[in-house]
Every structure is written in structure tokens, then in C-alpha cells.
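Structural overview
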Amino acid sequence: VQLQASGGGLVQAGGSLRLSCAASGRTFSDYGMGWFRQAPGKEREFVAAITWNGGNTYYADSVKGRFTISRDNAKNTVYLQMNSLKPEDTAVYYCAADSARPRYPTYNPYNRYEYDYWGQGTQVTVSS
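For every chain, the first residue of its written sequence is number 1, and the numbers climb from 1 along that sequence. Since the coordinates come from a predicted model, pLDDT governs what is reported: local features require at least 70, and pairs of side-chain atoms require 80 or more to be given and counted, while whole-chain, interface and lining totals use all residues. Note that the side-chain values use all heavy atoms of the structure and ignore hydrogens as well as water.

1. A look at the packing of aromatic side chains
Two numbers describe a pair of aromatic rings. These are the distance of the centres and the angle of the planes. Only rings of Phe, Tyr and Trp enter the pairing, Trp through its six-membered ring, and a pair is recorded when the two centres are within 6.5 Å. The plane angle decides the type: under 30 degrees is stacked, over 60 is edge-to-face, the rest tilted. Summed over all chains, the structure comprises 8 aromatic pairs. Ring geometry for Phe36 versus Tyr115: centroids 5.1 Å apart, planes at 80°, classification edge-to-face. One end of the pair, Phe36, is in strand β4 (residues 32-38); the other, Tyr115, is in the loop between β9 (91-98) and β10 (117-118), with 79 residues separating them in the sequence. For the pair Phe36 and Tyr115, a shared accessibility class is recorded, and that class is buried. Consider the rings of Tyr58 and Tyr107, whose centres lie 6.2 Å apart with planes at 65°: the pair is edge-to-face. Of the two residues, Tyr58 sits in strand β6 (residues 57-59) while Tyr107 sits in the loop between β9 and β10, which places them 49 residues apart along the sequence. Here a strand is any run of E in DSSP of at least two residues, a helix any run of H or I of at least four, and the numbering for each starts at the N terminus. In this scheme, a residue with accessible area under 20% of its type's maximum is buried, one over 50% is exposed, and one in between is partly exposed, where area comes from a 1.4 Å probe on protein chains only.

Take a look at the structure:
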């Protein structure tokens, strides 16, 4: 599956952005989706994930209450609504697709190695 992330940009602290990730090439609803981010000099870290049908969502503690992940299977798109942005949210944000299901005993949407496909990333910069 091919993933195309968009919606990044420069925003002041306290502002909002909405990232989108459009999927093509395979059946979108076959995949759980995740967002990760990577700041310069740091490891890529988990931000949020959503199961194939939107029934379950997962968030990193650092974004809980500020970010919301959602999906529209009819549009083959996953979103990340980011509110109350902080300078420490500055990073390249990546979307990823995961073929695993919550019923699998090894299911772990927080783990970047769980994911099968990755998009190219979109830069988010939050100024103080």
C-alpha cells in the first residue's frame, strides 16, 4: 500500500494542525493505521494508532488529550488532529499501515516494527 502524508506546516504554540494520510494500492480497511514522529537526533516515536474499523485508538501519553486520530475508510484516509501544539511536538510526522489485528497475541500498535508500510513524512514545526 502506498501512503501519502500531508498537512504539516509551521504553527505557533497553542495552535492546531490536521494531518492527513491518503492510502492507495490495497484495501485500506484491511489495515490498522498509525502516526509516528521523529525529531532531529531522536528515535522515531509512536504518536497514535487506530484499528482497521476505528473501534480502538491508542495514544502516546505526551499527546493524550491534545491529539485525535480518526479514519474514513470510504476516502482511504487517516487523520491526525493536533490541538494545543507545543514546541516539543516539532518533528517529521509519518503515517504507517499495520496488517495485524488486535486479536493477534503479539499485537502492539505502539511498536514501529509492527508496521508494514510507511509514508514519506510531513514536517510539523511549532514555534514558541
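Read on, since the account is not over.
2. Here we look at the state of the cysteines
A pair of sulfur atoms, both from cysteines and within 2.5 Å, is called a disulfide here. Scanning the model with the defined rule gives 1 disulfide in all. For Cys21, the disulfide goes to Cys95, at an S-S distance of 2.1 Å. Taking the sign of the S-S torsion, about 60° here, the bridge from Cys21 to Cys95 comes out right-handed. On the criterion of sequence distance, the pair formed by Cys21 in strand β3 (residues 17-24) and Cys95 in strand β9 is long-range, its members being 74 residues apart. When sorted by exposure, Cys21 lands in the same class as Cys95, which is buried.

3. Focus on unusual backbone geometry
At Asn76, a residue that is not glycine, the phi angle is positive and equals roughly 55°. Inspection of the secondary structure assignment puts Asn76 in the loop between β7 (67-72) and β8 (77-82). The backbone phi angle of Ser84 is positive, close to 50°, even though this residue is not glycine. Looking at where Ser84 falls in the secondary structure, it is placed in the loop between β8 and β9. Overall, Ser84 belongs to the partly exposed group, its relative accessible area being 42%.

4. A few points about the sheet that holds β3
An order of β1-β3-β8-β7 is seen for the 4 strands of this open sheet, with the pairing classed as antiparallel. The open sheet has two edge strands, β1 (2-6) and β7, and neither has a second partner. The mean inter-strand angle of the sheet, taken between neighbouring strand axes irrespective of direction, is 15°. In the sheet, β1 pairs with β3 via 5 bridges, with the strands oriented antiparallel. Residue pairing for β3: Leu3 is matched across the bridge by Ala23. Criterion used throughout: strands pair if DSSP finds at least two bridges between them. Fitting a line to C-alpha atoms yields each axis, with helices limited to the stretch in contact; the angle taken between N-to-C directions then spans 0 to 180 degrees.

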